[in-house]
Amino acid sequence: MWWKTTFRRSRKRGGPAAVGQTMLDEAFLRRLERLALNASRTLRGGLSGPHPSTRRLPAPTFSDHRSYTAGDDLRYVDWNAYGRQEELFVKLGETEQDVPVHVLLDRSRSMDFGANDTHKLQFGRMLLATLGYLALASGDKLSVAAFDAQLAPVFGPQQSKAHALPLLRYASSVTPGAASGGGPATVGQTMLDEAFLRRLERLALNASRTLRGGLSGPHPSTRRLPAPTFSDHRSYTAGDDLRYVDWNAYGRQEELFVKLGETEQDVPVHVLLDRSRSMDFGANDTHKLQFGRMLLATLGYLALASGDKLSVAAFDAQLAPVFGPQQSKAHALPLLRYASSVTPGAASEIGPAIQHYIRQRSGGLLVVISDLWAVGDIDAVLRAVQPPRWQLLLLHVLHPDEIKPPISGDIELEDSEHGDAIALTADAATMARYGERFNQWCGAIETACRRRGATYARIATDMPLEQAVIPFLRQRLILRSA
């Protein structure tokens, strides 16, 4: 059919090279998490880590006692000792701790020797990244720095795996300290710039309050639970938190009421990326699949930064392995690696792929990124993901040459999904008719989305992501300030 064609004369095969390669392999990082740095118990740190310490504090597992003092946690009182001696004692045990970890890397001229993986500075960067990741995975406070005659800017102190991606970027950026023979090329480039990721954290996906999720996120919900900020009351029942009792109301009516307010929630976020043959069109940053991967990485990172449960998958005729569900920014690096690994597939139909995906999932915010050339019965797709269980955001990705084809004369067009070809003369009347039919097609999809409670946004791949696409998505209320 005419609207499934792409242009043989301007078709670019292969797409852009995969981006997002990182310094350490993701599987290796997972294996690293089975290990921890062996810290001396004489070091002093916080109380949230896995390392032994010499401090003896109230603890459920104990080796000694001390007399109870006002303010001690009653959970650690030894009631058996009280029964024998009628005096309160607190159980003391060795506590675990996090410790400050500092990694310094020599980047002097003598380190600029060797080639590829045997290059000394490259090997040092790998060690820095490995030991630093171990510290972050253990919850330790990590600081790293490179030095020659001077100390380079310090990374950290940082704590938690959420900082793994900046750590790898820092390690990859270390270069020899003086004029040198060059050494290995810098590695560790990521799909999205680190500064851009930090700016993204000021935004959040705009989820419908009718979705059901957990109670740890930033999104509004319809559930009304006991809360300090309230808009209604209900009668107190045994087990309610006394913090939420309205004592003013009790003073007036001598009856206990609990304050009710709207709770915030995290929501399941699902991002599906079309990787069918028709997405393999364009070049560099306007390549449709590359643009789709950038959108997937951007929206996925927004979900992780908001504490939502994220699942992403690519599809053609089949659904690719699913990434997730994952929660928290600690999974940003694997997300970027997944996005960068998506390559063009075979012909597809969106309807069966979406229905297969949602069959075993209970609902959430569903983002579909596709050029929709093989959408089939759009109404059937929309019926499967209706509110209130689902909130659908349909991002229609198109290349500028598909919106306004730069063709003329006698040409042959090839269907990129199925290989069918058609010969035609691209004169002014033909191109005007194409523009009219194209707008009708997009308009019909948008109307169907509006009728079924879905949000539709058409995005051209020549739109800069941060300067144009994100403001556009905010204008369409797909994104909001965090």
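Residues numbered from 1 in each chain as written. Predicted model: local features only at pLDDT ≥ 70, side-chain atom pairs only at ≥ 80, totals over all residues. Heavy atoms only, no water.

(A) Quick look at the sheet that holds strand 5 (residues 100-106). Taken together, three strands build an open sheet; the order of strands is 5-6-7 and the sheet is mixed. The open sheet is flanked by strand 5 and strand 7 (155-158), the only strands paired with a single partner. Across the sheet, the mean angle separating the axes of adjacent strands is 15 degrees when strand polarity is ignored. Bridging between strand 6 (residues 141-147) and strand 7 involves two bridges; their strand directions are antiparallel. (Pairing = 2+ DSSP bridges. Helix = DSSP H or I, 4+ residues; strand = E, 2+ residues; numbered from the N terminus. Axes fitted to C-alpha atoms, helices over the stretch in contact; angles between N-to-C directions.)

(B) How the structure looks around helix 9 (residues 350-358). All buried positions along helix 9 are accounted for by Ile-350, Gly-351, Ala-353, Ile-354, Tyr-357 and Ile-358. One side of helix 9 carries all its buried residues, which in axial view fall inside an arc of 165 degrees. Where helix 9 is buried, its residues touch strand 12 (268-274), strand 13 (309-315), strand 15 (364-370), helix 10 (378-384) and strand 16 (390-398). (Buried < 20%, exposed > 50% of the residue type's maximum accessible area, 1.4 Å probe, protein only. Arc of directions from axis to C-beta. Contact = heavy atoms within 4.5 Å.)

(C) Fine view of unusual backbone geometry. Across the junction of Gly-324 and Pro-325, the peptide omega takes the value 5 degrees, indicating a cis bond. With respect to the helices, strands and loops of the structure, Pro-325 is situated in strand 14 (residues 323-326). A cis amide bond, omega 5 degrees, links Pro-387 with the succeeding residue Pro-388. Position of Pro-388 among the secondary structure elements: in the loop between helix 10 and strand 16. One non-glycine residue, Ser-160, lies in the positive phi region at around 95 degrees.

(D) Quick look at the packing of aromatic side chains. Tallied over the full model, the rule gives five aromatic pairs. Taken together, a centroid distance of 4.7 Å and an interplanar angle of 5 degrees make the contact between Trp-373 and Trp-441 stacked. Of this pair, Trp-373 sits in the loop between strand 15 and helix 10 while Trp-441 sits in helix 12 (residues 428-451); the two residues are 68 residues apart in sequence, bridging distant segments of the chain. Each member of the pair, Trp-373 as well as Trp-441, is classed as buried. The interplanar angle of 55 degrees and the centroid separation of 6.0 Å between the aromatic rings of Phe-438 and Trp-441 together place this pair among those described as tilted. Here Trp-441 and Phe-438 lie together in helix 12, a separation of three residues that amounts to about one turn. Note on Phe-438: relative accessible area 2%, which makes it buried. (Phe/Tyr/Trp six-rings, centres within 6.5 Å; stacked < 30°, edge-to-face > 60°.)

(E) Representation of the sheet that holds strand 12 in the model. The strand order across the open sheet formed by six strands is 14-13-12-15-16-19, and the pairing between neighbours is mixed. The open sheet has two free edges, formed respectively by strand 14 and strand 19 (455-460), since each of these has just one partner strand. Between one strand and the next, the sheet's axes are offset by a mean angle of 15 degrees, whatever the strand orientation. Across seven bridges, the pairing between strand 15 and strand 16 is parallel. When the sheet's bridge partners are listed, Val-367 is paired in strand 16 with Leu-393.

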